[in-house]
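Structural overview for review
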Amino acid sequence: MTGALYAVSDLHVSYPENRAVVDGLRPESADDWLIVAGDVGELFADIERTLAQLRDRFARVVWAPGNHELWTHPTDPVTLRGVARYEALVAMCRGLGVLTPEDDYPVWQGADGPVTVAPLFLLYDYSFRAPGTSTKEESLRVAYESGVVCTDEMLLHPDPYPDRESWCWARLAATERRLAATDPALPTVLINHWPLVRQPTDVLWFPEFAQWCGTERSADWHVRHRAAVAVYGHLHIPRTTHYDGVRFEEVSLGYPREWGRRGDEPRPMRRILGGAP
Ligand SMILES: [Fe+2]
Ligand SMILES: [Fe+2]
C-alpha cells in the first residue's frame, strides 16, 4: 500500500470560509486514509454532509467526536441529547462507511505500519483545573468570574449521566477495555478530540479553559497503550510536540478568524504515517 494516513480536526463547517477549505481537501493517492478528530460542526445535517463528502474521496475515513458534534444546538432539527445524540451520530457514520470509536479498530498496513488506529471518545472531567483551584466547583467559579466559559455548559448535555464527568469516566472505563484487547505487538495511533495529556493546554491564552480540554486520568495512555502518534484537536493551536518520546499532533483548522491571521491559505491536513516524507 502506497498511501498515507492523514489527520484533520475542527473543520467547523458552519463557516462558509471553512466549507471552502473542506472542498479543497483531497487525497494524494487512492490509498490515503483521513482521520477527522472532531468538531466537524454542530448541526447533524452539516456533519453528515461533510463526512459523506470526505468518505467519497478517501479510502477510509476515521471519525472521533468533538464537543461541537455533541451539542444539542437550538437550531438543529435533531433534538437528541447526550448519549442518544452520540449514538445517532455513530449510526449515521456507519451508514456512510465512516469508522467511529464504536467500531473495530482498523489496522493501518501502509508504510510505517502495521499500526492499530484507535479513534477514542473520552470527553473531559474538569480535572485540568484553573490555576490556584483544587475542586471542580472552585475551578468553574473562577471561569464564570473571568467570563471564560465553554458553551458546552449550555449545550453539551450528559443525559442519561448526571454530569459530563460521569460520562467521561464511563467512556474511560469502556475504552480501557477496548484498548487492552488490541494486539500487544502493534503500536497505536490514538485519536481523541481532547488531548490525552494536560501539557498542550499550558499555552492556552485563557488558562481557565483547560477544564474543558481533557482528563488527568488519560495522562499515561500514550505510554501504556503504545502510541506511535497521538492525534488531537480542540485547542485550535495546530502544532507538533513530544511527550515521553511520543509524537502528539494537534491537527485543527479552527475558525476563519484564527487561520486567517496566519496569512497563507490553510493546509490543515497533516500527514501522520506513510506517504512521501
Ligand atoms: Fe473546535
Ligand atoms: Fe472542540
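Presented here is an overview of the structure given in this document. This one's a predicted model, so the numbers in the text were calculated from it and none came from an experiment.

Cut-off values and rules
- Residues numbered from 1 in each chain as written.
- Chains lettered and ligands numbered in written order.
- Predicted model: local features only at pLDDT ≥ 70, side-chain atom pairs only at ≥ 80, totals over all residues.
- Heavy atoms only, no water.
- Helix = DSSP H or I, 4+ residues; strand = E, 2+ residues; numbered from the N terminus.
- Rg over C-alpha atoms; globule rule 2.2 N^0.38 Å.
- Buried < 20%, exposed > 50% of the residue type's maximum accessible area, 1.4 Å probe, protein only.
- Contact = heavy atoms within 4.5 Å.
- Areas by Shrake-Rupley, 256 points an atom, 1.4 Å probe, with all protein chains shown as cover.
- Lys, Arg positive; Asp, Glu negative; His and termini not counted.
- Charge placed at Lys NZ, Arg CZ, Asp CG, Glu CD.
- Donors = N, O, S within 2.8 Å, 3.2 Å for Na, K, Ca; no water.
- Tetrahedral: all angles 85-135°; square planar, octahedral: opposite > 155°, others 65-115°.
- Pairing = 2+ DSSP bridges.
- Right-handed = clockwise from strand over helix to strand, strands pointing away.
- Salt bridge = Lys/Arg side-chain N within 4 Å of Asp/Glu carboxyl O.
- Disulfide = S-S within 2.5 Å.

**Re the overall build of the protein**
Secondary structure assignment for the protein yields nine helices and 10 strands. Here the protein has a C-alpha radius of gyration of 18 Å; the compact-globule value for 277 residues is 19 Å, and the two agree. In terms of overall dimensions, the protein has a C-alpha envelope of 50 × 40 × 40 Å along the principal axes. Taken across its 277 residues, the protein has 56% of its residues classed as buried. A separation of at least 24 residues holds for 74% of the contacts in the protein among residues at least 6 apart in sequence. Carbon and sulfur atoms make up 52% of the accessible area of the protein, which totals about 11,500 Å². Across the protein, the mean location of the 28 positive side-chain charges is 1 Å away from that of the 39 negative side-chain charges.

**Some points on the coordination of the iron ion (ligand 1)**
Around the iron ion (ligand 1), the donor atoms from the protein are D10 (OD), H12 (NE2), D39 (OD) and H236 (NE2), and they sit 2.0 to 2.2 Å away. For the iron ion (ligand 1), the four donor atoms in the first shell make angles of 88 to 170 degrees at the metal, a pattern classed as irregular. Counting residues between consecutive donors of the iron ion (ligand 1) along the chain gives the motif D-x1-H-x26-D-x196-H. If you look at the iron ion (ligand 1) and the iron ion (ligand 2), they sit 3.5 Å from each other and are both ligated by D39. Placement of the pair is H12 in the loop between β1 (4-8) and α1 (16-23) and D39 in the loop between β2 (33-36) and α2 (44-57), with a sequence separation of 27 residues.

**Points about the pairing of β1**
Within β1, five of the five residues are buried, which leaves it mostly tucked inside the rest of the structure. Here β1 shows two buried faces, one formed by A4, Y6 and V8 and the other by L5 and A7. Where β1 lies against strand β10 (residues 270-274), four bridges are found, and the strand directions are antiparallel. Residue pairing across strands places Y6 opposite R271, the latter belonging to β10. Sheet topology note: the β1/β2 ladder contains four bridges and is parallel. Of the residues in β2, the one forming a bridge with L5 is W33. Note on the crossover from β1 through α1 to β2: the handedness is right-handed.

**Considerations on the pattern of salt bridges**
What the rule picks out here adds up to 11 salt bridges. In this structure, R171 engages E102 in a salt bridge whose closest nitrogen and oxygen atoms are separated by 3.0 Å. Of this pair, R171 sits in helix α7 (residues 164-180) while E102 sits in the loop between α4 (82-96) and β4 (107-108), and the two are 69 residues apart along the sequence. One salt bridge in this structure joins E249 and R247, with 2.7 Å as the shortest N-O distance. Here the residues in one salt-bridge network are E176, D220 and R224, joined through shared partners.

**Some words on the state of the cysteines**
Taken as a whole and assessed by the stated rule, the structure comprises zero disulfides. Of all cysteine sulfurs in the structure, the one in C213 sits closest to C168, which takes part in no disulfide; the separation is 12 Å. Of the residues examined, C168 reaches a relative accessible area of 0% and is grouped as buried.

**Some points on the sheet that holds strand β5 (residues 115-119)**
If you trace the six strands from one edge of the open sheet to the other, you get β4-β5-β6-β7-β9-β8, paired in mixed fashion. This sheet does not close on itself; its edge strands, each paired only once, are β4 and β8 (239-243).

**Quick notes on the coordination of the iron ion (ligand 2)**
Protein coordination at the iron ion (ligand 2): the donors are D39 (OD), N67 (OD1), H193 (NE2) and H234 (ND1), at 2.1 to 2.2 Å from the metal. For the iron ion (ligand 2), the four donor atoms in the first shell make angles of 91 to 162 degrees at the metal, a pattern classed as irregular. In primary sequence terms, the donor set of the iron ion (ligand 2) follows D-x27-N-x125-H-x40-H. Residue class for H234 comes out buried when judged on its relative accessible area of 6%.

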